[in-house]
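What follows is each chain in one-letter form.
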Amino acid sequence: MTTTQNADKIYNIEKVENAIFQEGSKEALKPILPPKNEVFVGRKQELQDLAELAKPNELVIINGIGGVGKTSFAVEYFHKHKKDYDYLAFVAIKSDLKTDFVNAFQAIFDLKFNTIPENFQSILSELNNKSGLLLVDDLQDINDLESNESIKSLTNSFTLLITTRLDVDVKYNKFKFNLQPFSLADAKELFLHYYNEDSADIDLVLEYLDYHALFVELTAKSLANSCQTVAELLQEFEDGRLAKVRLDRKTDFNVYLNQRFELADLDAEVQEILIRLSLMPSFAIGFQDLEEYLQQSDNKDFWYILVELSDKGWLIKQDKTFKLHQIIKEFLAANYPLVYQDVADIVEFFGNRLYEALSTNPLTGAKYTPFAQAVLERIGFNDDKGDQEIATVYSNLSVIHKHLSNLDKALEFAFKALSIRENVLDENHPDLATSYAALYYVYQGLGNLNKALEFALKDLEISEKVLDKNHPNLATSNNNLSIIHKDLGNLDKALEFALKALSIRENVLDKNHPDLAQSYNNLSIIHQDLGNLAEALEFALKANNIWKEVLDKNHPDLAASYNNLSTINYSLGNLYKALKFALKALNIYEKVLDKNHPDLAVSNNNLSIIHKDLGNLDKALKFAFKANNIWKEILDKNHPNLATSYNNLSLIYQDLGNLDKALDFALKALNIREQVLDKSHPDFAQSYNNLSLIYQDLGNKDKAKQYILKAIGILEFIFPNGHPNLDVMRENLQFIEQD
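Residues numbered from 1 in each chain as written. Predicted model: local features only at pLDDT ≥ 70, side-chain atom pairs only at ≥ 80, totals over all residues. Heavy atoms only, no water.

K.L.:
In this structure, what is going on with the overall build of the protein? I would like to understand it.
P.N.:
Scanning the protein from terminus to terminus reveals 34 helices and ten strands. Counting only contacts in the protein whose residues sit at least 6 apart along the sequence, the fraction spanning at least 24 positions is 67%. Working note: accessible area of the protein is about 33600 Å², and carbon and sulfur atoms make up 46% of it. (Helix = DSSP H or I, 4+ residues; strand = E, 2+ residues; numbered from the N terminus. Contact = heavy atoms within 4.5 Å. Areas by Shrake-Rupley, 256 points an atom, 1.4 Å probe, with all protein chains shown as cover.)

K.L.:
When you look at a negative patch on the surface in this model, what are you seeing that I'm missing?
P.N.:
A surface patch of negative charge is lined by Asp267, Glu269, Glu272 and Asp301. With respect to the secondary-structure elements, glutamate 272 resides in helix H12 (residues 268-277). (Patch = residues over 30% accessible without salt bridge, like charges linked within 9 Å, V, L, I, M, F, W, Y side chains within 5 Å. Salt bridge = Lys/Arg side-chain N within 4 Å of Asp/Glu carboxyl O. Lys, Arg positive; Asp, Glu negative; His and termini not counted. Charge placed at Lys NZ, Arg CZ, Asp CG, Glu CD.)

K.L.:
When you look at the pattern of salt bridges in this model, what are you seeing that I'm missing?
P.N.:
Should the charged atoms of two oppositely charged side chains come close, the side chains can pair. Scanning the model with the defined rule gives 18 salt bridges in all. Two residues, arginine 43 and glutamate 46, come together in a salt bridge whose shortest N-O distance is 3.1 Å. Between aspartate 345 and arginine 276 there is a salt bridge, with the nearest N and O atoms lying 2.8 Å from each other. One end of the pair, aspartate 345, is in helix H16 (residues 344-359); the other, arginine 276, is in helix H12, with 69 residues separating them in the sequence. Here the salt bridges share partners, and the residues they tie into one network are Lys188, Asp198 and Asp203.

K.L.:
Whenever I open this one, a positive patch on the surface confuses me. Can you help?
P.N.:
A surface patch of like charges, here positive, comprises Lys548, Lys577, Lys580 and Lys584. Considering each element in turn, the positive patch owes the most residues, three residues, to helix H27 (residues 575-592). With respect to the helices and strands, lysine 548 occurs in helix H25 (residues 533-550). Of the residues examined, lysine 548 reaches a relative accessible area of 44% and is grouped as partly exposed. (Buried < 20%, exposed > 50% of the residue type's maximum accessible area, 1.4 Å probe, protein only.)

K.L.:
Hey, could you run me through the nonpolar core in this one?
P.N.:
Nonpolar side chains tend toward joint burial in soluble globular proteins. Core analysis: the largest hydrophobic core is formed by 83 residues, its most contacted members being Phe101, Phe105, Ile151, Met280, Leu309 and Phe350. What phenylalanine 101 contacts, discounting residues up to four positions off in sequence, is Val91, Phe120, Ile123, Leu127, Leu134, Val136, Ile151 and Leu154. By size, the runner-up hydrophobic cluster in this structure holds 74 residues, among which are Leu551, Leu565, Leu607 and Ile714. (Core = buried A, V, L, I, M, F, W, Y, C linked by side-chain atoms within 4.5 Å.)

K.L.:
Quick question: what am I supposed to make of the pairing of strand S1 (residues 59-63) here?
P.N.:
Side-chain positions along a regular strand alternate between the two faces of the sheet. Within S1, five of the five residues are buried, leaving the element largely enclosed by the surrounding structure. Strand direction decides the pairing type here: S1 and strand S4 (residues 158-164), joined by five bridges, are parallel. Paired with isoleucine 61 across the bridge in S4 is isoleucine 162. (Pairing = 2+ DSSP bridges.)

K.L.:
Help me understand the sheet that holds strand S7 (residues 316-318), please; the structure alone is not making it clear to me.
P.N.:
The pairing of strands in a sheet happens through backbone hydrogen bonds and is either parallel or antiparallel. Across the sheet, which stays open at both edges, the three strands sit in the order S6-S8-S7 with antiparallel pairing between neighbours. The sheet is open, and its two borders are formed by strand S6 (285-286) and S7, each paired with just one other strand. Strand direction decides the pairing type here: S7 and strand S8 (residues 321-323), joined by three bridges, are antiparallel. Of the residues in S8, the one forming a bridge with isoleucine 316 is lysine 323.

K.L.:
Is there a simple way to explain the packing of H12 against helix H14 (residues 302-311) in this structure?
P.N.:
Axes are the key here: two packed helices are described by the angle between their axes and the distance separating the axes. One way to put it is that H12 packs onto H14 with a least axis distance of 10 Å and a crossing angle of 80 degrees. With respect to their mutual orientation, H12 and H14 come out roughly perpendicular. On the side of H12, the interface is formed by Glu269, Val270, Ile273, Leu274 and Leu277, while H14 contributes Phe302, Ile305, Leu306, Glu308 and Leu309. Here the contact of H12 with H14 is composed, by residue class, of eight nonpolar, no polar and two charged. (Axes fitted to C-alpha atoms, helices over the stretch in contact; angles between N-to-C directions. Parallel < 35°, antiparallel > 145°, perpendicular 65-115°, else oblique. Nonpolar A, V, L, I, M, F, W, Y, C, P; charged D, E, K, R; others polar.)

K.L.:
Sorry, what's going on with the side chain of aspartate 137 here?
P.N.:
Tracing the backbone through its elements, the reader meets aspartate 137 in strand S3 (residues 132-139). For the buried residue aspartate 137, which engages in no salt bridge, the nearest side chain bearing the opposite charge is lysine 323, 5.2 Å off. Among the polar contacts listed, one links the side chain of aspartate 137 to the side chain of threonine 71, at a separation of 2.8 Å. At 2.4 Å, the side chain of aspartate 137 and the side chain of threonine 163 are in polar contact. Contacts of aspartate 137, omitting those with residues within four sequence positions, involve Thr71, Phe90, Val91, Ala92, Ile93 and Thr163. (Polar contact = N/O pair within 3.5 Å; in protein donor to acceptor, adjacent residues only side chain to side chain.)

K.L.:
Hey, could you run me through the packing of helix H30 (residues 640-655) against helix H31 (residues 659-676) in this one?
P.N.:
Following both chains from N to C, one finds H30 and H31 inclined at 160 degrees, their axes separated by 7 Å at the closest point. Compared by their axis directions, H30 and H31 come out roughly antiparallel. When the axes of H30 and H31 are compared, the crossing they make is left-handed. Seen from H30, the contacting residues are Pro640, Leu642, Ala643, Thr644, Tyr646, Asn647, Leu649, Ser650, Tyr653 and Gln654; seen from H31, they are Leu659, Lys661, Ala662, Phe665, Ala666, Lys668, Ala669, Ile672, Arg673 and Val676. Tallied by class, residues from the contact of H30 with H31 come to 13 nonpolar, four polar and three charged. (Left-handed = near helix turned anticlockwise from the far one by under 90°.)

K.L.:
Would you explain the confidence of the model for the protein in this entry?
P.N.:
Atom-level detail of predicted coordinates should not be read off regions where pLDDT is low. Residues at a pLDDT of 70 or more form 90% of the protein, whose mean pLDDT is 82. Note that pLDDT drops below 50 for residues 1-31; the model gives that stretch 72 contacts with residues more than four away or on any other chain. (pLDDT = per-residue confidence, 0-100.)

K.L.:
How do you make sense of H14 when you look at a structure like this?
P.N.:
Counting along an α-helix, one turn takes 3.6 residues, and residues three or four places apart therefore face a common direction. Within the sequence span of H14, burial applies to Phe302, Ile305, Leu306, Leu309 and Ser310. Along the axis of H14, the buried positions cluster into a sector of 140 degrees, meaning they face one direction only. Its buried side turned inward, H14 meets helix H9 (213-224), H12, helix H13 (287-293), S7 and S8. After H14 finishes, the residue glycine 313 shows a positive phi value of roughly 100 degrees. (Arc of directions from axis to C-beta.)

K.L.:
Which parts of the structure should I look at to understand helix H28 (residues 598-614)?
P.N.:
The terminal C-alpha atoms of H28 lie 25 Å apart, and with 17 residues this matches the ideal 24 Å at 1.5 Å per residue to within 8%. Of all 17 residues in H28, twelve are buried, a share of seventy percent or more. Contacts made by the buried residues of H28 are with helix H5 (116-127), helix H26 (556-571), H27, helix H29 (617-634) and H30. Looking at the residues trailing H28, positive phi occurs at glycine 615, about 85 degrees. (Expected span 1.5 Å × (residues − 1).)

K.L.:
Before we go on, may I ask you to explain the sheet that holds strand S2 (residues 88-92) in this structure?
P.N.:
If you trace the five strands from one edge of the open sheet to the other, you get S2-S3-S4-S1-S5, paired in parallel fashion. Since the sheet does not close on itself, it has two edges, and those belong to S2 and strand S5 (176-178), each with one partner. For this sheet the average axis-to-axis angle between neighbouring strands, irrespective of direction, equals 15 degrees. Of the strand pairs in this sheet, S1 and S5 are connected by three bridges, and their pairing is parallel. Looking at S5, one finds that isoleucine 61 is bridged to lysine 176. The strands that helix H2 (residues 44-53) touches are S1, S4 and S5; relative to S5, the one it contacts most, it runs at about 175 degrees.

K.L.:
Would you mind showing me how to read unusual backbone geometry here?
P.N.:
At aspartate 138, a position not held by glycine, the phi torsion is positive, near 70 degrees. Relative to the helices and strands, aspartate 138 is located in strand S3. Even without being a glycine, tyrosine 211 presents a positive backbone phi close to 60 degrees. Its location among the elements puts tyrosine 211 in the loop between helix H8 (201-208) and H9.

K.L.:
Hey, could you run me through the environment of leucine 338 in this one?
P.N.:
For leucine 338, the position within the fold is in strand S9 (residues 338-339). Sequence separation between leucine 338 and leucine 279 is 59 residues, and the spatial gap between their C-alpha atoms is 9.2 Å. Those residues in contact with leucine 338, other than ones at most four positions away along the chain, are Ile275, Ser278, Leu279, Val343, Arg378, Ile379 and Gly380.

K.L.:
Looking at this structure, how should I read the packing of aromatic side chains?
P.N.:
The description of an aromatic ring pair uses the distance of the two centres, along with the angle that the planes make with each other. Here the structure, examined in full by the defined rule, presents 27 aromatic pairs. The interplanar angle of 75 degrees and the centroid separation of 5.5 Å between the aromatic rings of tryptophan 303 and phenylalanine 322 together place this pair among those described as edge-to-face. Here tryptophan 303, found in helix H14, pairs with phenylalanine 322, found in strand S8; they are 19 residues apart in sequence, far enough to count as distant. For phenylalanine 322, a relative accessible area of 2% corresponds to the buried category. Counting every residue linked through ring pairs, the aromatic cluster contains Tyr293, Phe349, Phe350, Tyr368 and Phe371. Positioned above the aromatic ring of phenylalanine 581 is the side chain of lysine 580, whose terminal nitrogen or guanidinium carbon lies 4.8 Å from the ring centre. For the cation-ring pair, lysine 622 lies above phenylalanine 623, with the distance from its terminal atom to the ring centre recorded as 4.8 Å. (Phe/Tyr/Trp six-rings, centres within 6.5 Å; stacked < 30°, edge-to-face > 60°. Lys NZ or Arg CZ within 6 Å of the ring centre and 35° of its normal.)

Here you go:
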């Protein structure tokens, strides 16, 4: 628990807009919570029923139709019971759950990872050490409950409330709290809060509105701001001039709004603001953000216009935030279409913000992605200039999502950008090459190497036609092809393209340019795979010398360079040099990375292998378990890195003479690899060779031979005769046969 010594930390986090995580006594809490409902009526029985379900360490999913009041109900419960908890958290889903969790908690936790999934896992780890109440508003993907990296795990420590419009699967029925429309009494209480003249006709009007919270509020506000009476409104329903709202037919929502509410009743400026508001996503947005996003900073009346729209029911106002309900947003989109020219200033604004993020820190672009996406979804394409601007925003969105590790989204937006560009640009336009390169990066991240190669070749084909032979972008295109050929095992081609990239960079870049270091490092890795260790070491040292010159002494890239030097020296048999570089890498990583960062696991694993070969088996085991514990914490149970870790533990236990433990870990490694890897993957050969050695030591010659033959069969398929790995396996087979 927090003591008075770190009380400043509590107050310093009040800048967080979307979440709170506070430590300390109940009296010490100064929380930024979901804004309190300015108006909340009824639901007394429902609040009691929810309290019965929302026990410690329970999951409750509050769902129901749009506009029924799920969020306001959940927020009311949250504030009503917040004093019962020492730890409170709130996250509103705006884009996707992982991104919004990271945005919410980044000012509270010291998040050090480079990707959204890693930071998300770090947050789950921190939260699972506490206990309290967490409200997640507007869950949009059921996989966020079902995946291995699920927020459902937080029920180990938190009471977890989730609101969602999703029709959740039957298996979640025991967690489901279905919020029904208002009772007549509650609907009337809400109606009379805005329209204070009671009459018997109100009951009949409410029946026509099907007691739907949003339409009750909207209708009461519109009556209060007009000369119409409740009796006259009732007559319109009875004459059929107004459609009855039926909750089982969503189409009725739009029909009623179309019949009842005319933008013509609003001043021209107010109409324009409301239509521009329909570009925004349907969640609460602060006034200052809206002012900036909608380009209204010079409009002195903007606040009063928003308040007017709120008073008339178009907007939901809470404190200094405003929200356009999804039902109203859909109504405006259906009846008031927009094209690029109508909102070019807003498209340009978000395009610039995404570009700035890409130029500095792509992760900061996550703040703008839901807004940029909502804007583009709302407008149509109708002219070449506008289409090119829209394509650029889609392209930037793709790159941001790639950096956030949202690869499916990255792929979706990359193809949208490409589709527009192929339609409006010349077939050799540089922007087309940019689109093909973006698709290469996404497919590479998805592990679809053949598709990645296809788009990398398209990028290079255009770049070679339109760029100078020494243009840096041409070096990047060649470098990309080098990387993909390396991953495909085409090492000769990988070397060819890597040398082309290096030639360009050496001609045009400063001798200490980071891109030159990248080329040297890439060549080092290729030469390692080719077995050319002397060349690998030469290029690794060149890369390391540049990075030592241009990077901070504790930069993670410098640590990665030391790890590479450690690996090469290990392969050369220089174990003490390998140990020296591995310790340098670990020293940096321990200073700058989170305790569960995957690079820290790799570093510990490398040290384990070196100590094993040096005969320091106790140290080897210590570092191996450090790596294994990190990977078990952050990875899926069938992740290949976990298999590598189990295999390493198996080898150490084998050297320690504990063959039962060695066999246990070797089989764990093989089991994972059988589930996730292609049958010709070299890691299978490693597992089979390891099992062969263990069975040799156990005296089971038949099984030892069975596994070594499997290993040789794989390596013969992927390596040429004379490859050192293949030679080692054949020597093992001869040893078994001669024994």
